[in-house]
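# Architecture and fold: a report
Residues per chain, in single letters:
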Number of protein chains: 2
Amino acid sequence: MTDRYELTMVQAALRSGKADRRCVFEVFARQLPAGRRYGVVAGTGRVLSALQEFTFTSAELDFLANQNVVDEPTLKWLSDYRFSGDISGYREGELYFGGSPVMSVEASFAEAVLLETLILSIMNYDSAVASAAARMKSASADRKLIEMGSRRAHEVAAVAAARAAVIAGFDGTSNLEAGRDYGLETFGTSAHAFTLLHDSEEEAFKAQLDSMGNQTTLLVDTYDVKMAVERAVRLSEGKVRAVRLDSGDLSSTAVEVRKQLDDLGAHETKITVTSDLDEYTIAALAVAPIDSYGVGTSLVTGSGFPTAGFVYKLVAHSDGEGWHDVAKRSKAKTNRGGKKFAARQLESGIAKAELISDHLPEGRPLQTQLVSGGQIDTRFIGSEGVKRAKEHHAAAITELPSGALRLSKGDPAIPVEFI
Amino acid sequence: MTDRYELTMVQAALRSGKADRRCVFEVFARQLPAGRRYGVVAGTGRVLSALQEFTFTSAELDFLANQNVVDEPTLKWLSDYRFSGDISGYREGELYFGGSPVMSVEASFAEAVLLETLILSIMNYDSAVASAAARMKSASADRKLIEMGSRRAHEVAAVAAARAAVIAGFDGTSNLEAGRDYGLETFGTSAHAFTLLHDSEEEAFKAQLDSMGNQTTLLVDTYDVKMAVERAVRLSEGKVRAVRLDSGDLSSTAVEVRKQLDDLGAHETKITVTSDLDEYTIAALAVAPIDSYGVGTSLVTGSGFPTAGFVYKLVAHSDGEGWHDVAKRSKAKTNRGGKKFAARQLESGIAKAELISDHLPEGRPLQTQLVSGGQIDTRFIGSEGVKRAKEHHAAAITELPSGALRLSKGDPAIPVEFI
C-alpha cells in the first residue's frame, strides 16, 4: 500500500543522514470540491487501525530485495519499522474546509514519509463518501437512509464506504462485512432474481414471507406494481414491514402505492425506494410518502467527487535546535509552512470562521491527539470509533450557519482564516 | 463482501425448494457511460482469484447467527459453500458496449446469487479504471504512462487500479503491492518533501544521486525550475535519467527544460510530468517534448465515471426439463432474458458490429470458459492473467474503426445487434 518513491526517499535520507530529522507532515485539501459548502472528515479510525498493522513482512522485504527497490541498510531499517511518532488531527466526523489541517504526523522523516500513501488513500476515499453522505442526510428530511452501494465500489472499498456513510448520518448498510467490522446495522430486501426464480410472483412472495416472516421487504416492481402490492398485503394479512420500488417515476408511484396500502388497511407497511438515488433526487422526493431510501452508486463514488483531494506535505522539520517551517515555493501550488493549530470560532453556537495559526486560536479546538509516541488511542478505532465519530458529526453539523446545508453550488459555509 | 439480501434470498429459496434450480445470471451494462465510445472489461482475473477464497469462515457464520441474519439450515448450507458451477465471459482486456454479456454465471440459484456483490464490485471498479486508462493510452502518442494514483483511491482499490491500468496500456505503477501481486513494473521519483527536508536543493539532489545513482528522476520544481535543472545536470554530469515537473504550465515549461537540457548536453535526460493529468491534458501535451506521464486522480476514479454500471441479472432458469428465459417486465428497466452468445463481426479486421444471440453468431467469438464445474482456469489469474489480458486488449483495440479512439463525446464505436 506504499508508493515506491517513499522507500527510495527513505534510502536516500538514511544515506544523507537526514532520515532521523524530526518532521511534521500535514494532511489538508487545497480547497473543497467545486461548489461544495463543507467536507466531512472520515477515515481517521481506519488510519489508526492500519497503523497498528503497518510493518514490512519478510515476503514483502524479499520482493523489495529481488526487485532492487532499495539497498540492504534500508531493508534492515524497514524490517524494524514500527511507527513511534505522534499523530493529531480533526476528530472523525468533523467538518473541514480548504486548508484545514485535518491530520498532522510528527515523527522522523523516514517514519513519517512512509505513511503518505496509506494515510491519503484512506482519508481521500472515506472523506469523499462521508461528504456525499452528509448531503444526502440533510436532503432526507430524517427519513431512513440505507447504504446499498457495495456493488458499485471496489469490494474492500465498499466496506469503508458503508462505515463512512453511517458516520455521516446513514442508518445502516446492506454490506455484511461492514456490519461485522464496525457494528453497523445491516438491512436487506430481495432482488428481482428471487421473484423471477419462482414460477409466479405469488409463489415468490409466499416463499419470502414463509421464510422471513412479516419483518421483510417485498420487491413489488418485477411485473405490475399494483398487482404486487395487492398480493403483498393479502399474503401478509396487511402486516408486511415494507415494499420496495426500484424503477419508474418513484414519486408518483409512491403516492399510488401509499394510497393502495392505506385503502387495503396496511397503514403500517412502509415504502422504501432505490434506483440511482443521489442527494438531488432524495430532495425531490421529500413530498412523496416514502419511508426510507436505499442509496448506492452516487454515495460510494462521492456524488461527483470520488476523492477528497487531500495532500500530505512536509511543513516543518527540526535540526535539534529548533523548528524550521518549510514549503514548496515554485510559482504554482504554493503551500503554507509550519505546524498548525485550528479552532472553530462560534457565536451563539453558530460557526463564524475556521481559525488556523501557529498557536491554538480561540474557539472550539478542532484537533485531538490520536497517537502519542507510537501509542494509538484505541477509542477511535473499531465500532467504538464509528459510534464516537457519528455522534461528533451530528453535533458538528448543527454548528453550521443557516443555508450551509443547501445542495446548490456555493462558497464554503465559513471562511478559513490564517491568523 | 456480500449484501445481506443475498443470504436471506438463499434462506427463502432453500425453504421454497427452489435453491437448487439451475440458473444463468448475466453481467452486463445497460449502456456505456454517456459519450464514451467503448468500454474495457477488467477484473475478470480478480473475480476468479476471489472465487478461490470465497467461503464462509466460522467467525463470519457466528456473526450471521448472532445477528439473526439467516436461520440454522442456511448457516449449515453456507458453511459448506464452494462454488461448483460454470462461468464464461469476455476475455479480460476485451472491449464491451451496452448490452454485451461480459460474464455469465451458471449454477444453482443459491450458489450463483451469492456472488452478485463480489462480481459486480470487482468488475465495476476495475472496468471503470481500465476504460479510462485506454483513453489515456490512445491520447499518449505511445509515450510512457505510469499509474500514480494510489493516494486518491481506497488503499486496496489502489492495487486493483494499478492492475487495470496496466491491462489497458499503462507501462507500470508506483504501487509496490501491485508490483508484487501482479508482476507489474514499478516506478518512482521523489517528493517535494525530500528536497525540503534537506538544507538546500543542492544537498537534496546530491543525496538522491549518491544513493540511487543516475538512474533516478529528480524533482525540479520545488523552488526555481531553471536553477534546479542546471543543478541536476551538473551534479549528474549530464547523466541523470529524468527530471520531473509537477506544477505550472507543463507544456511551455517542458519546452524550456528540454532546450536547457540539450544546451547543457544532457540529450539523454528525459522529462516526466505529473499534476492532475487526464486524457485531455495528455492529448494537449502531445506537441510538448515530454517522455512520460505520471497519472493519478483521474485514472483511479475512472475519469468522470468511477463505476462501470454493470448489473447482475437472472436471465434463465431450468426446471430440469428445459430452460426458461426470464426478465423483469415492469415499465422501466426492461431486461432481455435468455443465455446469450456474442461475437464481433469483422470486415478486413475492422469491427462492424457486436452480434448477440441465443446461439453463437458468426464473427470473432467474445466469450471464453473461465470456470468449469467449479474448476477455475488459472491461466487467467495472477501475473499470467494480467499479461494475457494486456496482450488481448492491445489486439482488440486495433479492431476498432477509425475515429473510435477520439476523446470527444460520441456514440458507441460499433452497434450492438441482438439477432
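Right above here is the structure, for reference.
In this report, the structure presented in the accompanying data block is examined. (Residues numbered from 1 in each chain as written. Chains lettered and ligands numbered in written order. Predicted model: local features only at pLDDT ≥ 70, side-chain atom pairs only at ≥ 80, totals over all residues. Heavy atoms only, no water.)

### Observations regarding the nonpolar core
Taken as a class, soluble globular proteins show a tendency for nonpolar side chains to be buried jointly. Core analysis: the biggest nonpolar cluster contains 134 residues, and Phe25(A), Leu64(A) and Phe109(A) have the highest contact counts within it. At 13 residues, helix H6 (residues 116-139) of chain A tops the list of elements feeding residues into this core. There are two domains that each give this core at least three residues, and those are domain 1 (4-129 + 305-418) and domain 2 (139-299) of chain A. Counting 132 residues, the second-largest nonpolar core is a separate cluster that includes Val40(B), Phe56(B), Phe97(B) and Leu407(B). (Core = buried A, V, L, I, M, F, W, Y, C linked by side-chain atoms within 4.5 Å. Buried < 20%, exposed > 50% of the residue type's maximum accessible area, 1.4 Å probe, protein only. Helix = DSSP H or I, 4+ residues; strand = E, 2+ residues; numbered from the N terminus. Domains from an automatic or database assignment.)

### Considerations on the sheet that holds strand E13 (residues 323-325) of chain A
All names here are of chain A. Strands sit in the order E13-E12-E1-E5-E3-E17-E18 across an open sheet of seven strands; the sheet is antiparallel. Among the strands making up the open sheet, the edge pair consists of E13 and strand E18 (375-376). Strand contacts of helix H2 (residues 44-52): strand E3 (86-90), strand E5 (103-108), strand E17 (367-372) and E18, with the helix running at about 10° to E17, the strand carrying the most contacts. (Pairing = 2+ DSSP bridges. Contact = heavy atoms within 4.5 Å. Axes fitted to C-alpha atoms, helices over the stretch in contact; angles between N-to-C directions.)

### Comments concerning the relation of the copies chain B and chain A
Mapping chain B onto chain A leaves a residual RMSD of 0.0 Å; the transformation is a rotation of 180° accompanied by 0.0 Å of translation along its axis. Classification of the inter-copy transformation places it as that of a two-fold axis. Taken as a fraction of all interface residues of chain B, those also at the interface in chain A reach 100%, which identifies the copy contact as same-surface. (Least-squares fit on C-alpha atoms with pLDDT ≥ 70 in both.)

### Focus: the side chain of Thr2(A)
By the secondary structure assignment, Thr2(A) is in the segment before helix H1 (4-16). Beyond its immediate stretch of four places on either side in the chain, Thr2(A) contacts Leu7(A), Phe54(A), Leu114(A), Thr117(A), Ser174(B), Asn175(B) and Leu176(B).

### Observations concerning helix H4 (residues 72-79) of chain B
Residues and elements named next belong to chain B. Buried within H4 are the following residues: Thr74, Leu75 and Leu78. The buried residues of H4 occupy an angular sector of 100° when projected down its axis, which confines them to one face. Among the exposed residues of H4, those pointing more than 90 degrees away from its buried face are Glu72 and Pro73. Against helix H1 (4-16) and helix H3 (58-66) lie the buried residues of H4. (Arc of directions from axis to C-beta.)

### A closer look at empty space enclosed by the protein
Counted according to the given criterion, the structure contains six cavities of 30 Å³ or more. Its boundaries defined by the atoms lining it, the largest cavity holds a volume of some 160 Å³. Among the residues making up the lining of the largest cavity, the classes are represented as 10 nonpolar, four polar and two charged. (1 Å grid on protein atoms, 1.4 Å probe; cavity = no way out; pocket = protein on both sides within 12 Å on 5 of 7 lines; lining within 4 Å. Points joined across faces, edges and corners; volume = space filled by probe spheres on them. Nonpolar A, V, L, I, M, F, W, Y, C, P; charged D, E, K, R; others polar.)

### What to know about the environment of Tyr96(A)
All names here are of chain A. For tyrosine 96, the location among the structural elements is in strand E4 (residues 95-96). Exposure remark for tyrosine 96: the relative accessible area of 1% places this residue in the buried category. Tyrosine 96 sits 49 residues away from valine 47 along the chain, and the two C-alpha atoms are 17 Å apart. Here tyrosine 96 is in contact with Ala29, Leu32, Tyr38, Gly39, Val40, Val41, Tyr90, Val102, Ser131, Ala308, Phe310 and Arg344, once residues within four sequence places are set aside.

### Description of the sheet that holds strand E12 (residues 310-318) of chain B
All names here are of chain B. The seven strands lie next to each other as E13-E12-E1-E5-E3-E17-E18, forming an open sheet whose pairing is antiparallel. The open sheet terminates on both sides in strands that have one partner only, identified here as strand E13 (323-325) and strand E18 (375-376). Both E12 and E13 contribute to a ladder of three bridges, which runs antiparallel. The partner of alanine 316 across the bridge, within E13, is aspartate 325. The strands touched by helix H2 (residues 44-52) within the sheet are strand E3 (86-90), strand E5 (103-108), strand E17 (367-372) and E18, with E17 carrying the most contacts at an inclination of about 10°. Against the sheet, helix H6 (residues 116-139) contacts strand E1 (22-29), E5 and E12, and its axis sits at roughly 140° relative to E12.

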